[in-house]
Amino acid sequence: MEKYNAIYQDSILNKESFWAAQAARIRWYKQPSVILSQNEKGFYRWFADGEINMAALCLDHQVESGRGDQTALIYDSPVSKTVKRYTYRELLELVSRFAGGLQQRGVTKGDTVVIYMPMIPQAVIAMLACARIGAIHSVVFGGFAPHELAMRIDDAHPKAVISASFGIEFDKIIPYKPLVDKAIGEATHKPPLHIFYERNGMYDQLDGVTEIEFDLLLQAEPAGPVPVLSTDPLYILYTSGTTGKPKGIIRDHGGYATALKFSMDQFYDARPGDVYWAASDVGWVVGHSYIVYGPLLQGCTTVLYEGKPIRTPDAGAFWRVVSEHRVNVMFTAPTAIRAIKKEDHEGSLLKRYDLSSLRTLFLAGERCDPPTWNWIRELLQKPVIDHWWQTETGWPMVGIMMGVAHQEPKAGSAGLPVCGYEIHILSDEGVELGKGKEGYIAAKLPLPPGCLPTLWNNDDRFIAGYLQHFPGYYQTGDGGYLDEDGYCYIMGRVDDVINVSGHRLSTGEMEELVASHPAVAECAVMGIADELRGQRPIALVVLKDGQHPDEEVLEEELVNLIREKIGAVAFFRNAALVKRLPKTRSGKILRKTIRQIADGETYTVPSTIDDPKILEEIRETLEERRLGLAFRM
Ligand code: COA
Ligand code: AMP
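Residues numbered from 1 in each chain as written. Chains lettered and ligands numbered in written order. Predicted model: local features only at pLDDT ≥ 70, side-chain atom pairs only at ≥ 80, totals over all residues. Heavy atoms only, no water.

Q: Any details on helix H1 (residues 2–13)? Residues and values, ideally.
A: With 12 residues, H1 ought to run about 16 Å at 1.5 Å a step, and its terminal C-alpha atoms sit 16 Å apart, in line with that. When H1 is considered as a whole, its buried residues turn out to be Tyr4, Ile7, Tyr8, Ser11 and Ile12. On an axial view of H1, the arc spanned by its buried residues comes to 135 degrees, and they lie on one face. When the buried face of H1 is taken as reference, the exposed residues oriented beyond 90 degrees from it are Glu2, Lys3, Ala6 and Leu13. Each element contacted by the buried residues of H1 is listed here: helix H2 (15–23), helix H10 (254–267), strand E22 (416–417) and strand E23 (423–426). (Helix = DSSP H or I, 4+ residues; strand = E, 2+ residues; numbered from the N terminus. Expected span 1.5 Å × (residues − 1). Buried < 20%, exposed > 50% of the residue type's maximum accessible area, 1.4 Å probe, protein only. Arc of directions from axis to C-beta. Contact = heavy atoms within 4.5 Å.)

Q: How would you explain the site of ligand 1 if you had to name every residue and give the values?
A: Close to ligand 1 lie 25 residues; Lys172, Ser501, Arg533, Arg563 and Arg573 are nearest. At 3.3 Å from a nitrogen atom of ligand 1 is found a side-chain nitrogen or oxygen belonging to Glu169. Val569 has a polar backbone atom sitting 3.3 Å from an oxygen atom of ligand 1. Breaking the shell around ligand 1 down by element, the ones donating at least two residues are strand E10 (172–175) and helix H13 (334–343). Of the residues contributing to the shell around ligand 1, the split by class is 12 nonpolar, seven polar and six charged. Two domains each provide a minimum of three residues to the shell around ligand 1, namely domain 1 (2–307 + 387–480) and domain 2 (501–631). (Near = heavy atom within 4 Å. Polar contact = N/O pair within 3.5 Å; in protein donor to acceptor, adjacent residues only side chain to side chain. Nonpolar A, V, L, I, M, F, W, Y, C, P; charged D, E, K, R; others polar. Domains from an automatic or database assignment.)

Q: Give me the site of ligand 2: which residues, what numbers.
A: The environment of ligand 2 is made up of 15 residues, and the closest members are Asp386, His387, Thr391, Asp478 and Arg504. At 3.1 Å, a backbone N or O of Gly365 approaches a nitrogen atom of ligand 2. If ligand 2 stood free it would expose 490 Å²; the protein chains cover 94% of that surface. The residue inventory of the shell around ligand 2, partitioned by class, reads four nonpolar, five polar and six charged. (Areas by Shrake-Rupley, 256 points an atom, 1.4 Å probe, with all protein chains shown as cover.)

Q: Requested: an account of the domain arrangement of the protein, with residues and values cited.
A: For the protein, the assigned domains are domain 1 (2–307 + 387–480) and domain 2 (501–631). Each of domain 1 and domain 2 has a C-alpha centre, and these two points are 33 Å apart. Summing the contributions of domain 1 and of domain 2, the shared interface buries around 1,200 Å²; its carbon and sulfur component is 46%. In terms of surface lost to domain 2, no three residues of domain 1 exceed His147, Ser240 and Trp284, which account for 32% of the buried area on that side. Taken together, domain 1 and domain 2 are joined by one salt bridge. Put simply, Arg504 and Glu392 hold a salt bridge, and the shortest N to O gap is 2.9 Å. Where domain 1 meets domain 2, there are seven residue pairs in polar contact (both at pLDDT 80 or more). Sorting elements by how many residues they give to the side of domain 1 that touches domain 2 places helix H7 (residues 146–156) first, with four residues. Here the residues of the side of domain 1 that touches domain 2 are counted per class, giving six nonpolar, 10 polar and four charged. (Buried area = accessible area lost by both parts, 1.4 Å probe. Salt bridge = Lys/Arg side-chain N within 4 Å of Asp/Glu carboxyl O.)

Q: Before we move on, could you go through helix H12 (residues 317–325) and cite the residues and values that matter?
A: H12 sits mainly inside the fold: eight of its nine residues count as buried. Considered for burial, the residues of H12 that qualify are Ala317, Phe318, Trp319, Arg320, Val321, Val322, Ser323 and His325. Following H12 by one or two positions, Arg326 adopts a phi angle in the positive range, close to 55 degrees.

Next up, the structure:
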């Protein structure tokens, strides 16, 4: 623990000198002299007077340091049967040209650009091109439905939307153009420019005026990197909150670059020249930090994988990628490992591949259950590191800092606080709880560099959602505890957010949608345990007086509604009718107790419950419908 303790304590006790030293390890146009400051609203800022450009760090700097001929990106797509490599020099050329094309069409520093794309290199090119000219990208996960895209367009007010002709899910083609058209139709803000990458044939014709081809922009003169302030936004990434409206997390250039560099060195122990593979999606924060920016600014080779852990073509797919590309550091979600475990329990597919290049497997995005962790650890015979973080922080908060010391992880724990994060467990009243006591997980302010400075155009929501409940702390939205050795156990969200296959979704939003059905008087949506996906949402529905729809028909309508408005990824499959919902005397629905019943957890009947008999009715309904692991046959 000594090495870890020393660096961790330094990061907490000497914040400014610690992060100034880390910032000095990246290239600035203007070195910052102000390390930590507060703006007029009291929000913390890192390196306020520094000037930098993230894309230049990822590309120009690498080429100038002699990495021009090194592979920067490997696109491996079993679904399109393609493997393509781009050197740093080639990627720089493509990004510079695309950036020039954007500039030519009027996109400049401070403009926003929405990117809605599958896992193809053009998504990475578009992101880096925006960063290069100081435009702010907002990538929307391709699995989201048009309504979700429309909400993000209306909040971000983009000058351009960049998309592709289609995505591929297993063997299913998903045309994107109709989804983009529908979203723009629904949105109030109409982006003046729509750019589409044509993947072997377009489904719809482009009008050539507002709608243009991606490749056309590549014909432009290359644009150089535009120096921006450290605090200027690099991107907005929308994430689910407790309401139907997603939260626009802002990421800056300088703090983020400093934090990512530090995390690549000290957390992931990924060295320049290594092959780094995050099997995630560019639409999530993991994709932003560890498919695109982190590996490239570290001079690694990053893998962009357009496939799944199973059925593309089998449960050996991940191990094929590791062995074929000699992956050194890998990152995925526990769901993916559970999916592989289900189909290749003995690891016979895994054993077919040479995995000698792999040093460490990192897991995050959702809680890693000990059986899954033990299974993969035994099979791989390598360190498997769970770690905890959020879209808001942009990089790990808790885990094992593999670049510092190979501290032994503990099953069920996400690890130890990472440098810069002072983790506290608080009661609802903000009182610090002792070791082993479960409470709200909060991080003392200021947060380290890289974390959200505020929400896009919404300082009030930033304060209300994160800072207000525990003054002086950032409220993470997760609950958990610390053990005697300081290891952190994340026990799940304390709000209306769930994690389905590592995808963060809002049950609050689903509840708003279910409640909009004309037959529904009130409803509760909560995440129940799912063996593969970690959690999945279900609804309990109370009908309006005089409404007598067939339960199956209503369920289908509600399932389709969530699919159409949020997307198939929500994996919303069940809505059960109940006569009443259990509530406290003040009218709060007891969602947590319902979830505990479904999951077969022991629970105490809240003393404030209005009518305890309702819980028994709910239990009977869940059992009858076999909803929840507790009632599986
Ligand atoms: N675009 C469009 N649709 C998508 C999508 C995307 N990017 N991702 C998922 N979907 C769709 C699926 O096609 C499926 O549609 P269907 O209901 O019509 O069949 C639906 O959303 C549910 O998908 P999912 O829950 O992923 O189930 P699955 O059977 O398709 O795949 C797994 C199961 C385990 C293979 C898959 O969930 C997986 O790879 N999980 C790991 C995800 C991950 O890495 N998350 C971490 C992010 S950090
Ligand atoms: P996202 O913002 O999509 O990265 O989701 C962040 C949320 O996912 C966190 O607030 C947690 O609820 C959950 N999460 C992420 N990683 C872990 C982990 N290692 N263990 C438990 N929960 C996790």
